[in-house]
Amino acid sequence: MRENATEVTAAGIARLAGVGRAAVSNWRRRHADFPRPVGGTAASPSFALADVEQWLRDQGKLAEVPLRERVWQEVAGHPAGAVQALVHTGCALLLVRDRPTAWLELTAASDERMAGLLPHAVDHVLTARLGPDASPGTPGPGPAAAPSEAAGVHGAAPGVHRTRAVPTPTEQALLPSLPLLRAAAQLAAEIGAGQTFEFLLGRHLDANPRQYTLTPPHLAELMADLAEPPKDAGRPASDRPLRSVLDPAAGTGALLRAVAGPAALYAQEADAELAALTALRLALGADGTHGSPPSPAASPSPAVRTLAVRTGDTLRADAFARLATDTVLCHPPFNDRNWGHDELAYDPRWEYGFPARVESELAWVQHALARLRDGGTAVLLMPPAAASRRSGRRIRADLLRRGALRAVIALPAGSAPPYGIPLHLWVLRRPTPGVRPGPDLLLADTAGLAASAGEAGGKAAGGGRDRLDWPVVRAAVLDAWRDRADLPGVSRVVPVVELLDDDVDLAPARYLPLPAAGGDARGLGEVRERLAETLRLTARLTPPPAAPAVPAHRPRTTVGELARGGALSLHTGNAAPGGPGPVLTEHDVLTGADPAGTTPTDQAGTPPTGPQAPAPSPAPDDPVVLEPGDVVVPVLGGGTVVRVVGERDAGAALGRNLQLLRPDPTALDPWFLAGFLRGTANNRQASSYASTAARLDARRLQLPRLPLAEQRRYGERFRELAAFEDALRTAERLGGLLVQGMYDGLADGTVTPA
């Protein structure tokens, strides 16, 4: 094996071959010629990727490694680590997209020659997108700095990394990455440079979920829409000034990626590695060609999208201290006691009061206001405690008196991490001198909408992030913000004078109590009628008395044998909710709910087109689309739940932690298959147990060998049992709703005890 060759773990081998990790462990034990570990640990060894690929081909277990899997394995097994590999890949993809001819000339040379020439070419595109790479010792701009420097683009405050967020990689660093860069360029030729980087970065984020705090794309889009300035309809597009947007805690760049149209984007991130990834992500998603925001005297074309990303602790060392932007979008770190309380006591940003040590979020609020021009808008994602903690009441009161805080919007639990609590959106506007402050505050609470949407769709309320009906939540939030109207149980415009009490508690739930479960007495009557009808249906579907029989000893087969014989095919889910179409999640299968999400359509029922609908692009990971007759089995949990896909589920994507069995209808009845897969003993023998959970290997599930006519006889009985189970589940849900509604009605006086 050559030095610095790409390595791959057992999990990566399983992904390459399309099998479970248990199969890889079996290969290692049973095949003496299986490649030996070249790194890692005894518990998690790593292997040379080239050796593994050759062994899989020799064994007939791999015809050809998909290109995207090869590229990802090169990233995951890079000797300098996945982050460094992603940075090198992003630099190369920028070169591929912006200077394709130069890239082709470089790839024609040997690896050594290419590594020597690549840094200069990369520096050229990085400078064009992100500005020049100033040396760390360069002094900061003085009082007479040029306008562009005064804006914080090429200069930075003391304590901030003055270098560009993405330094130019050296020849020695690039040499081990050249196979990866060549493969990534091939993938970019298929799906595009930006999509290639999104695919690789998404894989990295999925593989390290505890290392990064993510802002979900749907929430980022909502925050960007809340901050959208009024349309300048009477002004030609070429005369409109370029909008400037700042994210002072950029993270992975999700908020700035959600900004629509041409804009000057500014970002600061404390983690240097994450700042580099974010800068490349934004650059590869940008429309412009130059990374330095223009001076005030310039007249940029609306087609130019500018970008400046800096590394550093925003509160302690602001890289954009002289910048005044139109918009600030921010998902700040929550509950940070080490935000700089002791060092920043006399900072001029604290116009509304010095935040207590436990009020780091209010420090970020004031920082956002300080970086806005007069009349500019900021939208921040906040923990609910920031609206009601007594230690922040004076700052909240001053924000209200001066008209800076314009709305507090409570989101349903599951909208963003931490997923267990209902986070808030704060919409702020920097006061304009001479303009009278707004006399009221918009309070909105969408928790009730999420629950009612779940009820309407036959879903259990409070099901978490996979169960949110996000289009309903989004529409309610935007309507409440744009109309500033009172909607019972959803939004209320409250006069500031009513909020300025001893607590200055701005939690929307305090002013917008949820309606009683089931509604008023009339609504409870309707629930009762539906429950009675469901109970009658349940009685009709109750199975007849079980007839005893002598246990049959029938020849059996396994799902794995049926798959090898072509009687069925196995597929693994990879889709996540929040995309453009519905997704069948593990939660849906366990609770019997409909697939999460809906496919967006216009009023005519067709997918959207035109400027608001991005052009379709090849998906880097094609989802498995459900078809009628598919059988879905959860991988985790050790339960005995199986779902047969019907017409209402068809077309949805298969979610994570699910396996799909697609039987050949001429050989297997789907209900027969599903029924025998639900057997308790069958699941126990096919499950492996870890310290905290059980994992089901669908290939080991067994079922008897029976003629198709006999299969259908069993299948009909299993179908009847499934209908009985659905009726019981519906009766349980309606019964709980009726009971809680009666409690609420008696407690609030809308129902009499008579």
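Residues numbered from 1 in each chain as written. Predicted model: local features only at pLDDT ≥ 70, side-chain atom pairs only at ≥ 80, totals over all residues. Heavy atoms only, no water.

### Let's talk about the overall build of the protein chain
Worth spelling out the cut-off: Secondary structure elements are taken from DSSP: a helix is a run of H or I of four residues or more, a strand is a run of E of two residues or more, and numbering for both begins at the N terminus. Exposure classes here rest on a 1.4 Å probe applied to the protein chains alone. A residue is buried below 20% of its type maximum, exposed above 50%, and partly exposed in between. By definition in these notes, contact holds between two residues if any of their heavy atoms fall within 4.5 Å. Accessible surface is estimated by sampling points in the Shrake-Rupley manner with a 1.4 Å probe; for residues, cover comes only from the protein chains shown.
Helices and strands together make up the secondary structure of the protein chain, namely 26 helices and 22 strands. By the burial criterion, 46% of the 754 residues in the protein chain qualify as buried. For the protein chain, restricting intrachain contacts to residue pairs at least 6 apart in sequence, the fraction spanning at least 24 positions comes to 73%. About 35800 Å² of surface is accessible on the protein chain, with carbon and sulfur atoms providing 54% of the total.

### A closer look at helix H21 (residues 521-541)
Residues that lie three or four places apart on an α-helix share one face, since the helix turns once every 3.6 residues. Spelled out, the test is: Any helix carries an expected span of 1.5 Å times its number of residues minus one. What the arc measures is the spread of directions leading from the helix axis to the C-beta atoms.
With 21 residues, H21 ought to run about 30 Å at 1.5 Å a step, and its terminal C-alpha atoms sit 30 Å apart, in line with that. Buried residues of H21: Gly523, Leu524, Val527, Leu531, Thr534 and Thr538, and no others. Along the long axis of H21, the arc covered by the buried residues comes to 95°, so they all point the same way. Facing away from the buried side of H21 by over 90 degrees, the exposed positions are Arg522, Arg528, Glu529, Glu533, Ala539 and Arg540. Where the residues of H21 are buried, they touch helix H26 (708-748).

### Considerations on the sheet that holds strand S3 (residues 45-48)
In plain terms, the rule: Only strands that DSSP links by at least two bridges are regarded as paired with each other. The axes used here are C-alpha line fits, helices contributing only the stretch in contact, and every angle between their N-to-C directions lies in the interval 0 to 180 degrees.
The sheet built from three strands is open, its strands ordered S1-S3-S2 with antiparallel pairing. The open sheet terminates on both sides in strands that have one partner only, identified here as strand S1 (7-9) and strand S2 (39-40). With two bridges connecting them, S2 and S3 associate as antiparallel partners. Looking across to S3, one finds that Gly39 is bridged to Ser46. Of the strands in this sheet, S1 and S3 touch helix H1 (residues 10-17), which is tilted by about 90° from S1. Across the sheet, helix H3 (residues 49-58) lies against S1 and S3, angled at about 75° from S3, the strand it touches most.

### Details of unusual backbone geometry
Looking along the chain, the bond that leaves Pro417 and enters Pro418 is cis, with omega of -5°. The residue Pro418 is located in the loop between strand S9 (405-410) and strand S10 (424-429) in this model.

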